[in-house]
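Observations on the three-dimensional arrangement
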2 protein chains.
Amino acid sequence: MNYLLTLSYDGRAYCGYQVQKNGLSVQEVLQNAVEALFGSRYPLTGCSRTDSGVHARDYKALLKTDERASVIPPERLPLALNRFLPEDVAVLEAEAVPDGFHPRYAVVLKEYEYLVLNSRVRDPFYAGRAFLWPTPLDVERMHEAAQALVGTHDFSSFTSAGCEVADRVRKVFSASVSREGKMVSFRIAGNGFLYHMVRTAVGTLIEISEGKIAPADLPGILEARDRGAAGFTAPACGLYLNRVEYRKGEEA
Amino acid sequence: MNYLLTLSYDGRAYCGYQVQKNGLSVQEVLQNAVEALFGSRYPLTGCSRTDSGVHARDYKALLKTDERASVIPPERLPLALNRFLPEDVAVLEAEAVPDGFHPRYAVVLKEYEYLVLNSRVRDPFYAGRAFLWPTPLDVERMHEAAQALVGTHDFSSFTSAGCEVADRVRKVFSASVSREGKMVSFRIAGNGFLYHMVRTAVGTLIEISEGKIAPADLPGILEARDRGAAGFTAPACGLYLNRVEYRKGEEA
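Quick caveat, the model's predicted, so the values are computed rather than measured.

1. A short note on the interface of chain A and chain B
At the interface, 27 residues of chain A touch 27 residues of chain B. The contact between chain A and chain B buries some 2,100 Å² in all, and 55% of this surface belongs to carbon and sulfur atoms. The largest per-residue losses of area from chain A upon contact with chain B belong to Arg122(A), Pro124(A) and Phe125(A), which jointly make up 35% of the total buried on that side. In this structure, the connection of chain A to chain B is made through 0 salt bridges. Among the elements that take part in the side of chain A that touches chain B, strand 4 (residues 89-96) of chain A stands out by supplying 4 residues, more than any other. Broken down by class, the residue content of the side of chain A that touches chain B amounts to 14 nonpolar, 3 polar and 10 charged.

The structure is reproduced here in structure tokens:
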């Protein structure tokens, strides 16, 4: 049986989804739960890497079992696996998917949310879960500026030295900035994202709010294809993988 | 200077606000921060005890310094103290209050919120911060039933054996139950609360939703003045001290 798992995790304790030599990964605790449940280390394939400290509300991972495994109906799998997972990781849903389904290649949309607590004083309920920014942010200015990111662009200016992919063209479907009380939310949806792309977009928009970068400079920053042209990289703590969508017919 | 501090804390790591022999209290970490800042263990008086694992968004504590202390303007005190506090405790505000102000006796209103995650599957972002209840809760039925708690009543049926006060009459100003997605929120405001009173009210309302107690039984449960008449005590993890109000003229 091929199960597509929907995971949610608080990333504070983890070095990201992907197994790393130094540090505990979400994949590792999930792999251990799979082994505890099925008695076998069946392979897991994630929908993307996430950085250390990044959170997820809708992460997809494919679990491939075989005929030796006891057949667990997909609707029972979340509770069965959650018994073996720490409280900061949960399987929310599971569905059967056909052979050949790939949780990374079949993605057509990913949405990230980035939370900024716009306050001089921190909030214990968002420790490690939002980026604290003390001076008042101009949400309207950032929202308008963010529209320049929408569309198909080479996002080389918004990725870090660690980015190893050659093709840096991505399509951003939508970008928005909104406020609810002290919490400022950045949402960006696209067909894929480069390493640090969302965090650099957020840092750049914050610098636009602060008047360090003019909104009219954004098209030029994109054209420069130079990381030095954009703003700072906002820290991992505010970032949430919020939604992952697949081609029609490839999900249940 | 007498400072009235407004605190917020995630109670998961604490045995409550009050200093206890066994376990770390919020008061203890705050007392340590006061000592680190002022070089002296100036006395702290809290607005109430809170149980182990209970959270607060608006806890009030009085800090009395004396002429030996360097004078710190109240508006600077939150950031100054937060430097010495763990990330799950924060001072949100500080204001100067006159001599004789008592943070417990001057309270005219306290509001608690209780969060129930109404889902079969847990949420990593609410681990230790909401009570998980798997079967669908009837919010309307609970909200209507809760109105029987409003008013001045002897709440003996809603307190636990540990309650040491003789006068168990309290006035409840308002009680409401609402839902936002999977999160069900119980809010109750009153002039004071007995030990476990909010948690027992929530447990009783859940039993009303489940059909184990009839809404029409609530007046009789109050009249019984017998803990055995009410429902179960919901666990501490879902409880938040949400708001504390003082007599006019006694706060800034």
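From this point, the narrative continues.
2. Points about the relation of the copies chain A and chain B
Under the fitted operation, chain A is carried onto chain B by 0.0 Å of movement along the axis and a turn of 180°, and the coordinates agree to an RMSD of 0.0 Å. Such values leave the two copies arranged in the relation of a two-fold axis. Of the C-alpha atoms belonging to chain A, the one lying closest to the rotation axis is found on Phe125(A), 4.8 Å away. Mapped onto chain B, 100% of the interface residues of chain A again fall at the interface, so both copies present the same surface.

3. A short note on the pattern of salt bridges
Throughout the structure, instances matching the rule amount to 24 salt bridges over all chains. Here Arg68(A) ties to Asp66(A) by a salt bridge, and the two come within 2.6 Å at their closest N and O atoms. Overall, Arg68(A) belongs to the exposed group, its relative accessible area being 60%. According to the relative accessible area criterion, Asp66(A) is partly exposed, its value standing at 24%. Residue Arg243(B) pairs with Glu245(B) through a salt bridge whose shortest N-O separation is 2.3 Å. Arg243(B) gets classed as partly exposed once you look at its relative accessible area, which sits at 31%. Of the residues examined, Glu245(B) reaches a relative accessible area of 32% and is grouped as partly exposed.

4. What to know about the pairing of strand 9 (residues 183-190) of chain B
All names here are of chain B. Here strand 9 lies mainly inside the structure; 7 of its 8 residues are buried. Summarising the sheet, strand 5 (residues 107-118) and strand 9 pair through 8 bridges and their orientation is antiparallel. In the strand pairing of strand 9, leucine 117 is matched with methionine 183. Where strand 8 (residues 169-180) and strand 9 come together, 8 bridges link them in antiparallel fashion. Pairing of arginine 179 across the sheet is with valine 184, part of strand 9. Hairpin connection of strand 8 to strand 9: 2 residues between the antiparallel strands, including glycine 181 at a positive phi of 65°.

5. Description of helix 1 (residues 26-38) of chain A
With 13 residues, helix 1 of chain A extends 18 Å from end C-alpha to end C-alpha; this agrees with the ideal 18 Å at 1.5 Å per step. The elements touched by buried residues of helix 1 of chain A are strand 1 (2-9), strand 2 (44-46), strand 3 (55-64), helix 2 (77-82) and strand 4 of chain A.

6. Things to note about the packing of aromatic side chains
Scanning all chains against the criterion turns up 24 aromatic pairs over all chains. Aromatic side chains Phe125(A) and Tyr240(B) sit 5.6 Å apart centroid to centroid with 50° between the ring planes, which places their arrangement in the tilted category. A residue pair is termed interchain when its members come from two chains, as with Phe125(A) in the loop between strand 5 (107-118) and strand 6 (131-133) and Tyr240(B) in strand 10 (residues 239-246). Centre to centre, the rings of Tyr114(B) and Phe186(B) are 6.4 Å apart; their planes meet at 80°, and the pair counts as edge-to-face. With a gap of 72 residues between them, Tyr114(B) in strand 5 and Phe186(B) in strand 9 connect regions that are remote in the sequence. For the pair shown, Tyr114(B) and Phe186(B) are each scored as buried. For Arg57(A), the ring lying beneath its charged end belongs to Tyr240(A), and the centroid distance is 4.2 Å.

7. A closer look at the packing of helix 3 (residues 139-146) of chain A against helix 4 (residues 197-209) of chain A
Geometrically, a packed helix pair is captured by the angle between its two axes and the distance between the axes. All names here are of chain A. Packing of helix 3 against helix 4 brings their axes to within 9 Å, and their N-to-C directions diverge by 130°. When the interaxial angle is binned, helix 3 and helix 4 end up oblique. Classified by chirality, the crossing of helix 4 by helix 3 is right-handed. Between helix 3, through Arg141, Met142, Ala145 and Ala146, and helix 4, the contact on the second element is made entirely by Leu205, Ile206, Ile208 and Ser209.

8. Brief notes about the side chain of Ser25(A)
Residue and element names in this part refer to chain A. For serine 25, the position within the fold is in the loop between strand 1 and helix 1. Of note is the side chain of serine 25, whose polar atom sits 3.1 Å from the backbone nitrogen of glutamate 28. Dropping the residues within four chain positions of it, serine 25 is found in contact with Tyr14, Cys15, Gly16, Tyr17, Gln18, Val19 and Gln20.

9. Examining the domain arrangement of chain A
Residues and elements named next belong to chain A. Taken domain by domain, chain A comprises domain 1 (2-105) and domain 2 (108-244). Relative placement of domain 1 and domain 2: their C-alpha centres are 27 Å apart. Facing 14 residues of domain 1, the contacting portion of domain 2 comprises 18 residues. Roughly 1,300 Å² of surface becomes buried between domain 1 and domain 2 when both sides are summed, with 47% attributable to carbon and sulfur atoms. Broken down residue by residue, the surface that domain 1 buries against domain 2 is led by His55, Arg57 and Asp58, which jointly contribute 44%. Joining domain 1 to domain 2, the criterion identifies 3 salt bridges. As a salt-bridge pair, arginine 199 and aspartate 51 come within 2.9 Å of each other at their nearest N and O atoms. Partitioning the side of domain 1 that touches domain 2 into residue classes produces 4 nonpolar, 4 polar and 6 charged.

10. Focus: helix 3 of chain A
Residue and element names in this part refer to chain A. Within helix 3 the residues assigned to the buried category are Val139, Met142, Ala145 and Ala146. Relative to the axis of helix 3, the buried residues are bounded by an arc of 135° and lie together on one face. Within helix 3, the exposed residues directed more than 90 degrees away from the buried face are Glu140 and Glu144.

11. A short note on unusual backbone geometry
Located in the positive-phi region is Arg225(A), a residue other than glycine, with phi close to 50°. Following the sequence through the fold, Arg225(A) ends up in the loop between helix 5 (218-224) and strand 10 (239-246). What makes Arg225(A) exposed here is its relative accessible area of 54%. Positive phi, close to 70°, is recorded for His196(B), a residue that is not glycine. Within the secondary structure, His196(B) sits in the loop between strand 9 and helix 4 (197-209).

Parameters at a glance
Residues numbered from 1 in each chain as written. Chains lettered and ligands numbered in written order. Predicted model: local features only at pLDDT ≥ 70, side-chain atom pairs only at ≥ 80, totals over all residues. Heavy atoms only, no water. Contact = heavy atoms within 4.5 Å. Buried area = accessible area lost by both parts, 1.4 Å probe. Salt bridge = Lys/Arg side-chain N within 4 Å of Asp/Glu carboxyl O. Helix = DSSP H or I, 4+ residues; strand = E, 2+ residues; numbered from the N terminus. Nonpolar A, V, L, I, M, F, W, Y, C, P; charged D, E, K, R; others polar. Least-squares fit on C-alpha atoms with pLDDT ≥ 70 in both. Buried < 20%, exposed > 50% of the residue type's maximum accessible area, 1.4 Å probe, protein only. Pairing = 2+ DSSP bridges. Expected span 1.5 Å × (residues − 1). Phe/Tyr/Trp six-rings, centres within 6.5 Å; stacked < 30°, edge-to-face > 60°. Lys NZ or Arg CZ within 6 Å of the ring centre and 35° of its normal. Axes fitted to C-alpha atoms, helices over the stretch in contact; angles between N-to-C directions. Parallel < 35°, antiparallel > 145°, perpendicular 65-115°, else oblique. Left-handed = near helix turned anticlockwise from the far one by under 90°. Polar contact = N/O pair within 3.5 Å; in protein donor to acceptor, adjacent residues only side chain to side chain. Domains from an automatic or database assignment. Arc of directions from axis to C-beta.

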